[in-house]
Amino acid sequence: MIAPTRPKAKVVNAAQPVKRPPRPERTIIAAPEGEKGQGTEEEDNKTRSGVTPPFAALRDGRWGRFFPFGSTCLRASPQSLPICYNPAMSPFLSIRRSLLHWYDRNGRQMPWRVRRPGRADPYHVLVSEAMLQQTQVATVIDYFNRFIAAFPTVEHLAAASEQEVLRLWQGLGYYRRAKHLHRAAQRIVTEHGGQVPRDVNALLDLPGVGRYTAGAIASIAYDVRAPILDGNVARVLARCFGIEEPVDAPATRKQFWQLAEELTAPSRPGDFNQAMMDLGAMVCTPRRPSCVTCPLARYCRAKATDRVDELPRTLPRRAPRTVTHHILAIERGGRYLVQQRPASGLWANLWQLPTAEEVPIDGLTAWAAEQLGLQLGELQPLDRFTHQTTHRTIRFELWRTSVAGGRLKRGAGEWRALDDMYDLPLGNPQVRAIEQLQAKRSHPKRSPSPAPT
Ligand code: SF4
């Protein structure tokens, strides 16, 4: 039997420089194993044949090749290469694949979401998207479940009164969304036979449906390739592509939309959009994003150039104006005066205890006489709190008082027991005021809040 011969070890003289093979000009970053097959067949073939490489990296690891994109080329920082996009070259394929791969394993469970191969109910998507504007998912889930239990179909919602809809919306804020949703349901029933439209333009024609909501409904409910762009998505795009322009500048906004449109996956666009939402909410968060768990880390320019904390940039904001509103809890025979707010403006059509907006304290008595026709007794301070809106910081001051004379003006309100007020749609500050009144009624010996100044 012949013993196998050991191959001779190659002796390397450490004193001599080792001859290395030449480095390639660029390195193609291919999608990792297990992430293939998320794009179209045509895209996959292109990638395999090397005709359209998804991305190329420079020797030092930075992005090194970006493709010219007509006249709408997003500018990068002066220090780095310009970022241009060419949809024909499809440099986004790897991003789509990685994101969908991540979403399949990490996407959030929500009552309006249905996993493939099922399809989400378009009405559920419409309701959820209306609720999610300006509101966190965790807050929306309970409201969504109650809303769908009360109005299981678009026909039920269309047939409800506005007050019923507002009542179920109470606490979510931004009540205009509820009114728009109600009117949209009525239009869907009368103009679309009760079927939420699939076409983006038809969706855009509905009250309260903007480009983001239309894209979300069309893609999630019908798998239409329609982009979405909100704060979360803009943040991911700005960081991933190293975009330095402010995300909220009107001119940049247009380009962000274009980028989102080109990036949206042609297959599974609904899942892709939801993956972008989830990534922005769970991983690429405004502060301390989790880059180590991010499926886009290998493509991310902000990470590669150590600018994660600098991006996205925003335009300087004007500080919100601070105003004071006085809530008057006017009691008569154990009941309190409530009135409906005007049909336009903040908290439109909701109910409230009479509230004097931007009236000085020494003008409250005169205000009540003029607006309500009532003379007020002594004003007792009960509570003060702050409510933040987009443009204003509102300081609420709650006063308890009684009727000392006069006659309630016609249409100025009605008298209700405190416990019955929850049947009315109320804004959050009014709910807090009523809760304070109830608490003070239950615990009359508690020391009052410090007197407003
Ligand atoms: S790597 Fe970090 S900064 Fe870049 S997209 Fe992911 S989480 Fe955001």
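If you're wondering where the values come from, they're calculated on a predicted model, not measured in any experiment. (Residues numbered from 1 in each chain as written. Predicted model: local features only at pLDDT ≥ 70, side-chain atom pairs only at ≥ 80, totals over all residues.)

**Some thoughts on the overall build of the protein chain**
Stage number 1. Looking only at helices and strands, the protein chain features 15 helices and 10 strands.
Stage number 2. When burial is assessed residue by residue, the protein chain has 35% of its 453 residues classed as buried.
Stage number 3. Considering only contacts in the protein chain between residues 6 or more positions apart, those separated by 24 or more positions represent 69%. (Helix = DSSP H or I, 4+ residues; strand = E, 2+ residues; numbered from the N terminus. Buried ≥ 20, exposed ≤ 12 C-beta atoms within 10 Å, placed from the backbone. Contact = placed C-beta atoms within 7 Å.)

**Topic: the site of the ligand**
Stage number 1. Surrounding the ligand, one finds 14 residues, the nearest of these being Cys-284, Pro-289, Cys-291, Cys-294 and Cys-300.
Stage number 2. Among the elements of the structure, helix H10 (231-240) and helix H13 (301-304) are those that each provide at least two residues to the shell around the ligand.
Stage number 3. The biggest single contributor to the shell around the ligand is H10, with 3 residues.
Stage number 4. Considering only residue class, the shell around the ligand consists of 12 nonpolar, no polar and 2 charged. (Near = placed C-beta within 6 Å. Nonpolar A, V, L, I, M, F, W, Y, C, P; charged D, E, K, R; others polar.)

**Considerations on the nonpolar core**
Stage number 1. Ranked by size, the top nonpolar core spans 98 residues in total, and within it Leu-99, Ile-217, Val-233, Leu-237 and Ala-329 carry the most contacts.
Stage number 2. The element best represented in this core is helix H9 (residues 211-222), accounting for 8 residues.
Stage number 3. A domain-level breakdown of this core finds at least three residues from each of domain 1 (95-304) and domain 2 (321-442).
Stage number 4. Each residue touching Ile-217, except ones within four places of it in the same chain, is listed here: Pro-122, Val-125, Leu-126, Glu-129, Val-196 and Leu-203. (Core = buried A, V, L, I, M, F, W, Y, C linked by C-beta atoms within 7 Å. Domains from an automatic or database assignment.)

**Thoughts on the confidence of the model for the protein chain**
Stage number 1. Chain-level pLDDT for the protein chain is 81 on average; 77% of the residues reach the 70-or-more range.
Stage number 2. Confidence over residues 1-21 falls short of pLDDT 50; this stretch has 1 contact with residues more than four positions distant or in other chains.
Stage number 3. Between residues 23-90, whose pLDDT stays under 50, and residues either more than four places distant or in other chains, the model counts 105 contacts. (pLDDT = per-residue confidence, 0-100.)

**Focus on the packing of helix H3 (residues 122-132) against H9**
Stage number 1. Between H3 and H9, whose axes approach to 9 Å, the crossing angle comes to 150°. It follows from the interaxial angle that H3 and H9 lie roughly antiparallel. Relative to H9, H3 is oriented so that their crossing is right-handed. Contact residues: Pro-122, Val-125, Leu-126 and Glu-129 in H3; Thr-213, Ala-216, Ile-217, Ile-220 and Ala-221 in H9.
Stage number 2. Its residues assigned to classes, the contact of H3 with H9 comprises 7 nonpolar, 1 polar and 1 charged. (Axes fitted to C-alpha atoms, helices over the stretch in contact; angles between N-to-C directions. Parallel < 35°, antiparallel > 145°, perpendicular 65-115°, else oblique. Left-handed = near helix turned anticlockwise from the far one by under 90°.)

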